[in-house]
Amino acid sequence: LDASSDRRVGLIYDDRMCGHYNCDDPYHPERPQRISAIWEKFASSGLTERCVVLKAEDVEDGHLGLVHTQDHINLIKKISSKKPQARERISMNFSSIYFNEGSSEAASLAAGSVVKVLEKVAEGELDSAFAVVRPPGHHAEEDEPMGFCLYNNVAVATSYLLNNRSELGISKILIVDWDVHHGNGTQKAFYDDPRVLFFSVHRHDFGAFYPGGEDGSYEMIGNGPGAGYNINVPWEGPGRGDADYLAVWDHVLIPVAEKFNPDMIVISAGFDSAMGDPLGECCLTPSGYSILLRKLMKFAEGKIVLALEGGYNLNSISNSAQACVEVLLRGETLGEEPSKIRPLESTWRVINTVRKALCQYWPVLGVNLDEEAMDGSYEVTDVDDVIKPLGSLKLVEAAEEGDDTSSSWRSELSKNSVWYASYGSNMNASRFRCYIEGGQVEGMRRPCVGSRDKTMPKEIIWKTFPHRLFFAREYTATWGPGGVAFLHPRSNAAEKTYMCLYKITMEQFNDVLHQENRSDPDASDPSFDLAALRKIQAEKQMPVESLEGGWYRNVVWLGEEEHVPILTMTCTVADVDDCISGRVPINPPGKEYGGTLTKALVEGRRLSEGEAAVYLEEASKKPL
């Protein structure tokens, strides 16, 4: 390529950031090869020759102090000098964190590098920049490292520019976080600050996806003078691709950015929404990322800095990062031969919900999207070095036909009945009805979307089964704090669990399965079909691969009633082992959830209120 028309783009990288690694797990997702693979891609494609390569620098304590407490700074600065046993003990106090002898230096270089490139762009020395840094930062909070993040690199650099370099004329900054996980730390750093428009599009799964809870909800819009300046677009499940993200850009981010008119844009560039990422399970392509970035180039005279966050498939992050740097250099996307794809139906539901929550602050979002807008498709170019597994593409390619791709399997499965056996809150008939009709009952914090077929169960009966009931996890988006019910997937003649059986269609069973696992109810293929039903009779349990990560992804065969299969859904045997080892916490149910179970057992005439209390307490306390 002719570099004569290239813009001045800075790249920053340092091998010393590879010194931070997990001593016990060389294949940990957040490993040194993430940044070395990107840098090798930049070098082999000639990008390092076309860009300005900068030397990494350590961050100053004063800059860190704009975001983090002194105790937090001291912890990260001194952690590498401690003995290995002490480091491991300290890491256990935090969520998804490890330390080694190189952690302190890597964290300092990562934060310092992002500060440096932001400053260079603000001063006009560079037009834009890409910081290839690790550990990532957007989960790190004021006083707590978490989610692989030690310092909040983007928040520190943004705060430094706004508070310490006001003479550079950067008074409004747009932070775009396209990492598949919500940037909880960055959000909290600027939650009441109208100088920063924080925008995050991420998997939320109704609060069940990391970092969990309600921070990533569309309802979190900012506080005080910052009200309206915090925008969350929470995906309901996996499988989102180029068209879904482009729809969000066109109907949420771009209209608001035009009104905000930022002086600079900082992108928390996580590439774990990319196709093939083992944690994100979405399917953005390098072309998709390049188009998202190109749409932002018209703002702030192209003053854009990308700082690496997540991304755990080495090929995907390397190709995606390369595509983004090409855009920074030339303002062009990669590839040819555009193909048209449509967003998922649930994407429009999320977009409309976000627009409604923010329209009082941004009137441009107050106009309802008409059917023509929501029926639109997006042109996305192919990139030669991107491998597209057919399984990953089904969600977007099937939608290209413009019809209901799930109608065929739904029609087939609607003709077959099963007994769905519930041992948790769904024993309460009113609660289970939410999974069919949609809505919520008293005590629930979130409504259910319901099933496509809203026909009530044909029959309801009660039975007991020789399986162990127990309670685990710490929090759910539906019920809040406290454990929720699980059934040990293996039978045990010494155990007895009360279960309420609902006779429903296999189509409805699939919709319940999706809702229990916070996955996409608009899936083009069933998660549990007739072939799976035949197979499970012999195998007795079947973890559903497409629901990987779901708490109730294991379908268990419990027998037959009147020649109709009895199925339930619970955790896997591996999950039970995690509960026994302590990796997954055992917790008694919270008040609202426990009360719903008690009410079900009493109204179902299984137990008295006192007996139900004893039954649930024993399930909560008896060791697995």
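Calculation criteria
- Residues numbered from 1 in each chain as written.
- Predicted model: local features only at pLDDT ≥ 70, side-chain atom pairs only at ≥ 80, totals over all residues.
- Heavy atoms only, no water.
- UniProt positions renumbered as here; feature names shortened; annotations may be inferred.
- Buried < 20%, exposed > 50% of the residue type's maximum accessible area, 1.4 Å probe, protein only.
- Helix = DSSP H or I, 4+ residues; strand = E, 2+ residues; numbered from the N terminus.
- Pairing = 2+ DSSP bridges.
- Right-handed = clockwise from strand over helix to strand, strands pointing away.
- pLDDT = per-residue confidence, 0-100.
- Contact = heavy atoms within 4.5 Å.
- Axes fitted to C-alpha atoms, helices over the stretch in contact; angles between N-to-C directions.
- Parallel < 35°, antiparallel > 145°, perpendicular 65-115°, else oblique.
- Left-handed = near helix turned anticlockwise from the far one by under 90°.
- Nonpolar A, V, L, I, M, F, W, Y, C, P; charged D, E, K, R; others polar.
- Salt bridge = Lys/Arg side-chain N within 4 Å of Asp/Glu carboxyl O.
- Core = buried A, V, L, I, M, F, W, Y, C linked by side-chain atoms within 4.5 Å.
- Expected span 1.5 Å × (residues − 1).

An unreviewed UniProt entry annotates the protein chain as histone deacetylase of Genlisea aurea. Its UniProt record gives the protein chain a comment under Cofactor (unreviewed entry), which states: "Zn(2+)". What UniProt records for the protein chain under Catalytic activity (unreviewed entry) is the sentence "N(6)-acetyl-L-lysyl-[histone] + H2O = L-lysyl-[histone] + acetate".

**What to know about the pairing of strand β5 (residues 196-203)**
On any regular strand, side chains alternate: one points to one face of the sheet, the next to the other face. The buried fraction of β5 amounts to eight of the eight residues, a majority that puts the element mostly inside the structure. Here strand β4 (residues 173-177) runs beside β5; their pairing, made up of five bridges, is parallel. The residue of β5 that forms the bridge with Asp177 is Ser200. Handedness of the β4-helix α8 (residues 184-189)-β5 crossover: right-handed. In this structure, β5 lies alongside strand β6 (residues 230-235), joined through six bridges in parallel fashion. Directly across from Val201, in β6, lies its bridge partner Val233.

**A few points about the confidence of the model for the protein chain**
It should be kept in mind that the predicted coordinates are not to be read in detail where pLDDT is low. For the protein chain, the average pLDDT comes to 90, and 91% of its residues sit at 70 or higher. Of the regions scoring below 50 in pLDDT, residues 333-338 engages in 21 contacts with residues more than four places distant in sequence or in other chains. In the predicted structure, residues 382-405 sits below a pLDDT of 50 and forms 44 contacts with residues beyond four places in sequence or in another chain.

**Here's the deal with the packing of helix α9 (residues 242-260) against helix α10 (residues 286-296)**
Two elements in contact, α9 and α10, have axes separated by 9 Å at closest approach and are oriented at 15°. Between α9 and α10, the angle is such that the two are roughly parallel. In this structure, α9 meets α10 at a crossing whose hand is right-handed. For the pair formed by α9 and α10, the contact residues are Asp242, Tyr245, Leu246, Trp249, Asp250, Leu253 and Ile254 on the first element and Gly288, Ile291, Leu292, Lys295 and Leu296 on the second. For the contact of α9 with α10, a count of residues per class yields eight nonpolar, one polar and three charged.

**Considering the sheet that holds β5**
Pairing in this open sheet of eight strands is parallel, and the strands run β2-β1-β3-β8-β7-β4-β5-β6 from one edge to the other. Among the strands making up the open sheet, the edge pair consists of β2 (52-54) and β6. In this sheet, neighbouring strand axes are inclined to one another by 15° on average, regardless of whether the strands run parallel or antiparallel. Here helix α7 (residues 153-164) sits on the sheet and contacts β4, β5, β7 (264-269) and β8 (304-308); the angle it forms with β4, its principal contact strand, is near 175°.

**A word on the UniProt feature "domain: Histone deacetylase" (unreviewed entry) in the protein chain**
The sites that carry the UniProt feature "domain: Histone deacetylase" (unreviewed entry) are, in the present numbering, residues 28-328. Between the C-alpha atoms that bound residues 28-328 there is a distance of 31 Å. The span itself is 40% helix and 12% strand.

**With respect to the pairing of strand β1 (residues 9-12)**
Taking every second residue as pointing to the same face, both faces of β1 are buried, with Val9 and Leu11 on one and Gly10 and Ile12 on the other. Of the pairings in the sheet, the one linking β1 to strand β3 (residues 128-131) comprises four bridges and is parallel in character. Following the sheet pairing, Ile12 is matched in β3 by Ala131. Bridging between β1 and β2 involves three bridges; their strand directions are parallel. In the strand pairing of β2, Gly10 is matched with Val52.

**Focus: the sheet that holds strand β18 (residues 541-543)**
In space, the six strands of this open sheet follow the order β12-β17-β11-β20-β19-β18, with mixed pairing throughout. Unpaired on one side and paired on the other, β12 (460-465) and β18 mark the two borders of the sheet. Taking each pair of neighbouring strands and ignoring which way they run, the sheet shows an average axis angle of 35°. Note: β12 against strand β17 (residues 497-505), six bridges, orientation antiparallel. Looking at the pairing, Thr464 lines up with Tyr498 of β17.

**Remarks on the packing of helix α20 (residues 591-603) against helix α21 (residues 609-621)**
Taken N-terminus to C-terminus, the directions of α20 and α21 make an angle of 130°; their axes are 9 Å apart at the nearest point. Taken together, the axes of α20 and α21 lie oblique to each other. At the point where α20 passes α21, the crossing takes the right-handed sense. Contacts between α20 and α21 involve Gly594, Leu597, Thr598, Leu601 and Val602 from the first element and Glu609, Ala612, Tyr615 and Leu616 from the second. For the contact of α20 with α21, a count of residues per class yields six nonpolar, two polar and one charged.

**Overview of the pattern of salt bridges**
Tallied over the entire structure, the rule returns 33 salt bridges. Residue Glu30 is joined to Arg34 by a salt bridge in which the shortest nitrogen-to-oxygen separation is 2.7 Å. Taken individually, Glu30 and Arg34 each receive the classification buried, so the pair is uniform in this respect. Between Arg165 and Glu123 there is a salt bridge whose closest N-O contact spans 3.3 Å. Within this pair, whereas Arg165 is found in the loop between α7 and β4, its partner Glu123 is found in helix α6 (residues 103-123), the two being separated by 42 residues in sequence. Several salt bridges converge on common partners, so that one network encompasses Asp6, Arg50, Glu326 and Arg330.

**Considering the nonpolar core**
Counting residues in hydrophobic clusters, the biggest one holds 112 residues, and the most contacted among them are Trp178, Phe199, Trp249, Ile267, Phe271, Leu296 and Leu306. If we skip the residues at most four places from it in the chain, Ile267 touches Val176, Trp178, Leu293, Leu296, Ile304, Val305, Leu306 and Ala307. Among the nonpolar cores identified, the runner-up in size contains 67 residues, and Leu501, Met506, Tyr552 and Val556 belong to it.

**Thoughts on α6**
If you check α6, its first and last C-alpha atoms are 30 Å apart, about what 21 residues at 1.5 Å a residue would give, namely 30 Å. In terms of burial, α6 is a largely internal element, 18 of the 21 residues being buried.

**Topic: unusual backbone geometry**
A cis amide bond links Arg134 with the next residue in sequence, Pro135, at an omega value of 0°. Within the fold, Pro135 resides in the loop between β3 and α7. Of note, the amide linkage connecting Tyr210 to Pro211 takes the cis form, showing an omega dihedral of 5°. Relative to the assigned elements, Pro211 resides in the loop between β5 and β6. In this structure, Ser96 takes a positive phi of about 55° despite not being glycine. With respect to the element layout, Ser96 can be found in the loop between α5 (84-91) and α6. With a phi angle near 55°, Glu281 is a residue other than glycine that sits in the positive phi range. Tracing the sequence through the fold places Glu281 in the loop between β7 and α10.

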